[in-house]
Amino acid sequence: MLIVYELPSGNPCLKTEAQGQIEVAISRDGSRVAFREGGVLRALERATGAVVSEPKSRTTGPLALSADGRRVASLTDSRDSRGELISVWDLDEAGRCVELPTPGAVSGLALSPDGSRLAVQARDGGTEVFRIADGVRESSFPSESGKGLFFSPDGAFLAILSSEKARIVSLATGDISEFEAVQTLAFHPDGRSLLLGREGRVDVVNERRELVRSFPVPGKGSCALGAFVGDGARMVVSGYWKRPRIIDGSSGDTVLEIPFQVGLGMAMALSADGRFLVAAGDDSWFGSAADFWAQYFVSPFPPAGGFSPYRFPGVTVHLPVLGLLTQLGWIVCGNARPLVAGWAVAGLYLGRDLAIAGHYNLLVTIVVWALAVLAWLFGGMDWLARWLTPAPSLWIAGLATAAVLGGLVLQARRSVQ
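Numbering of residues starts from 1 in each chain and follows the order in which that chain's sequence is written. Where totals are concerned, whole chains, interfaces and linings use all residues; where local detail is concerned, this predicted model gives features only for residues with pLDDT of at least 70, and gives and counts side-chain atom pairs only at 80 or more. Side-chain measures were taken over the full set of non-hydrogen atoms in the model, leaving aside hydrogen atoms and water.

(A) Summary view of the sheet that holds strand 2 (residues 11–16). Ordered by their spatial adjacency, four strands build an open sheet running 2-1-28-27, and the pairing between neighbours is antiparallel. Among the strands making up the open sheet, the edge pair consists of strand 2 and strand 27 (267–270). Strand after strand, the sheet turns through a mean of 15 degrees between neighbouring axes, direction not considered. Being paired, for any two strands, means DSSP has found at least two bridges between them. Numbered from the N terminus, helices here are DSSP runs of H or I no shorter than four residues, and strands are runs of E no shorter than two. Looking at chain direction, strand 1 (residues 2–6) and strand 28 (residues 276–280) are connected through five bridges and run antiparallel. Directly across from Tyr 5, in strand 28, lies its bridge partner Leu 277. To get an axis, fit a line to the C-alpha atoms, keeping to the stretch in contact for a helix; angles then go from 0 to 180 degrees between the N-to-C directions.

(B) Geometry of the environment of Arg 28. Mapped onto the elements of the fold, Arg 28 is located in the loop between strand 3 (22–26) and strand 4 (32–37). For Arg 28, a relative accessible area of 31% translates into the label partly exposed. In the structure, Arg 28 is positioned 318 residues away from Ala 346 in sequence and 49 Å away in space, judged by C-alpha atoms. Each residue is placed in one exposure class: buried if its accessible area under a 1.4 Å probe, protein chains only, is under 20% of its type's maximum, exposed if it is over 50%, and partly exposed if it falls in between.

(C) Examining the packing of helix 3 (residues 340–360) against helix 4 (residues 362–377) more closely. The N-to-C vectors of helix 3 and helix 4 enclose an angle of 130 degrees; their axes lie 5 Å apart at closest approach. The pairing of helix 3 with helix 4 is recorded here as oblique in orientation. Two secondary-structure elements touch here, helix 3 through Leu 354, Gly 358 and Tyr 360 and helix 4 through Leu 362, Val 364 and Thr 365. Under the grouping applied here, Gly and all other residues not named as nonpolar or charged are polar, the nonpolar ones being Ala, Val, Leu, Ile, Met, Phe, Trp, Tyr, Cys and Pro and the charged ones Asp, Glu, Lys and Arg. Class assignment of the residues belonging to the contact of helix 3 with helix 4 gives a composition of four nonpolar, two polar and no charged. Any angle that is under 35 degrees is reported as roughly parallel, and any over 145 degrees as roughly antiparallel; angles of 65 to 115 degrees are reported as roughly perpendicular and all others as oblique. Any two residues having at least one pair of non-hydrogen atoms within 4.5 Å are treated as being in contact.

(D) Region of the structure containing helix 4. One fewer than the residue count of a helix, multiplied by 1.5 Å, yields its expected span. If you check helix 4, its first and last C-alpha atoms are 22 Å apart, about what 16 residues at 1.5 Å a residue would give, namely 22 Å. Residues of helix 4 that are buried: Val 364, Thr 365, Val 368, Ala 372 and Ala 375. Projected onto a plane normal to the axis of helix 4, the buried residues spread over an arc of 105 degrees and lie on a single side. The exposed residues of helix 4 that point more than 90 degrees off its buried face are Leu 362, Leu 363 and Leu 377. Elements in contact with the buried residues of helix 4: helix 2 (315–333), helix 3 and helix 5 (380–387). Throughout, the arc means the angular range of directions from the helix axis out to the C-beta atoms.

(E) Region of the structure containing the pairing of strand 26 (residues 254–257). Pairing geometry for strand 25 (residues 245–248) and strand 26, over three bridges, is antiparallel. Counterpart to Ile 246 in the pairing with strand 26 is Leu 256. Hairpin remark: strand 25 followed by strand 26, antiparallel, with five residues in the connecting loop; positive phi at Gly 252, about 80 degrees.

(F) Molecular detail of the environment of Phe 312. In this fold, Phe 312 is placed in the loop between helix 1 (289–297) and helix 2. With a relative accessible area of 43%, Phe 312 lands in the partly exposed category. In this view, Phe 312 contacts Ala 355 and His 359; residues no more than four positions away in its chain are not counted.

(G) Local environment of a nonpolar patch on the surface. Taken together, the side chains of Phe 312, Leu 362, Leu 363, Ile 366, Val 367, Trp 369, Leu 371, Val 373, Leu 374, Trp 376, Leu 377 and Phe 378 define a hydrophobic patch exposed on the protein surface, amounting to about 1,200 Å² of accessible area. Within the element layout of this structure, Trp 369 appears in helix 4. Here, patches come from residues exposed beyond 30% relative accessible area and free of salt bridges, joined within 9 Å for like charges and within 5 Å for nonpolar side chains (Val, Leu, Ile, Met, Phe, Trp, Tyr). Method for areas: the Shrake-Rupley scheme with a 1.4 Å probe, in which residue coverage is limited to the protein chains shown. Criterion for a salt bridge: a side-chain nitrogen of Lys or Arg within 4 Å of a carboxyl oxygen of Asp or Glu.

(H) Focus on the pairing of strand 7 (residues 59–65). Burial runs high along strand 7: five of the seven residues are buried. Where strand 7 lies against strand 8 (residues 71–77), four bridges are found, and the strand directions are antiparallel. When the bridges of strand 8 are listed, Thr 60 appears paired with Leu 75. In textbook terms, the turn of a hairpin is the stretch between consecutive antiparallel strands, and for strand 7 and strand 8 this stretch comprises five residues, one of which, Gly 69, has a positive phi near 75 degrees.

(I) Region of the structure containing the packing of helix 2 against helix 3. Helix 3 packs onto helix 2 with a crossing angle of 155 degrees between their chain directions and a minimal axis gap of 7 Å. Judged by the inter-axis angle, helix 2 sits roughly antiparallel to helix 3. For the pair helix 2 and helix 3, the crossing hand works out as right-handed. Side by side, helix 2 and helix 3 meet where Val 317, His 318, Val 321, Leu 322, Leu 325, Thr 326, Leu 328, Gly 329, Trp 330, Val 332 and Cys 333 of the first sit next to Val 340, Trp 343, Ala 344, Ala 346, Gly 347, Leu 348, Leu 350, Gly 351, Arg 352, Leu 354 and Ala 355 of the second. For any pair of crossing helices, the crossing counts as left-handed if the nearer helix is rotated counterclockwise from the farther one by less than a right angle, and right-handed if it is rotated clockwise.

(J) Region of the structure containing the packing of aromatic side chains. Each aromatic pair joins two rings of Phe, Tyr and Trp (for Trp, the six-membered one) with centres within 6.5 Å, and gets the label stacked for planes under 30 degrees apart, edge-to-face for over 60, and tilted for any other angle. Taken as a whole and assessed by the stated rule, the structure comprises four aromatic pairs. Seen in terms of ring centroids, Tyr 5 and Phe 260 are 5.6 Å apart; in terms of plane orientation they differ by 20 degrees. Their pairing is stacked. One end of the pair, Tyr 5, is in strand 1; the other, Phe 260, is in the loop between strand 26 and strand 27, and 255 residues separate them in sequence. Across the pair, exposure class does not vary: Tyr 5 and Phe 260 are buried alike. Ring centres 5.9 Å apart and planes at 90 degrees place the aromatic pair Phe 150 and Phe 187 in the edge-to-face group. Here the residue Phe 150 occupies a position in strand 15 (residues 148–151), and Phe 187 occupies one in strand 19 (residues 184–187), the gap between them amounting to 37 residues. Using a relative accessible area of 9% as the deciding quantity, one classes Phe 187 as buried. Charge over a ring is defined by NZ of Lys or CZ of Arg lying within 6 Å of the ring centre and within 35 degrees of the ring normal. A cation over a ring is seen here: Arg 337 above Trp 330, with NZ or CZ 3.9 Å from the ring centre.

As structure tokens, then:
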């Protein structure tokens, strides 16, 4: 699924089917969207969804779309065994293509706002800027472990992202500003102020690179998405595995949540004017809050194959938790036996979550096994039943069941958020 959202309202204005490995790019004003589905590259008109162009060459790697939506760049295999090339297509002149050499394994492409230059970032090398008209290399800059790059709205600066570092290069003077521990970066529409996404927070710096404001990343964690919206008064921010939020630039308050989850396998791009956000990925990442809640409850026993975290300890933790809570509910509910069903449901889903948590933290697994041993081999449940004799009243059983189901709801809410 590929969806384009209008900001700051968050309303979808284009939906189209897209599956598999997807890369996306969007023009400055959001009028055109380019995306690659598998090896097929397409460019669409956002307003109508009509296909503008579909180059026949099989493409790979990152995409870049010029500000006016006319040119798109991607990697292709050459027809004469020269290896991988960078192809730049003119979408308004079908079939017109310029080919440029690659400086190595390419991790990022960026077209200048006027479409005359192409910046190419190598994964383990530097960043080079080429003139598209004649293929001449204008300049090169250092970068390590490339993670993407883009031009400022006026084309005067080039932002180069590498592992936990960002460089802002002045293309006129060659001056370089460096920022440490940066996970994502965006230019303000004025081309001077910057938004820096870091671990747990988002910083806004002015043209003198002085900190102006700082906000926590909604939901905490690493900043996976950060950009100015519209005139820069608002920002769109998200952590990994969270839903993007529009926040007020002066207070940091959340204005709106957008109904998709940012995560591995998601491709995103924001128009340079901050008015349109395009997201593409598996259909399960998109949906309303109700859809996300349904996702939590849809699979009490996840697949254990491949790289699933459920494969160990899996049922060896899941089933003991289910058994412990069900038996505990049987003892606590006394004569109100129908309430035991609530305890069993809680054991089913909380047991699944603890099984997954035990994959990352062995202590969780050890604690569950220890409780099971104490309860069933050393008579812990029998002792509890004798201690609660006679059976608790209906009020106590109801309150205890409500507390257990409330804990399940809180866990589901935490997982969804």
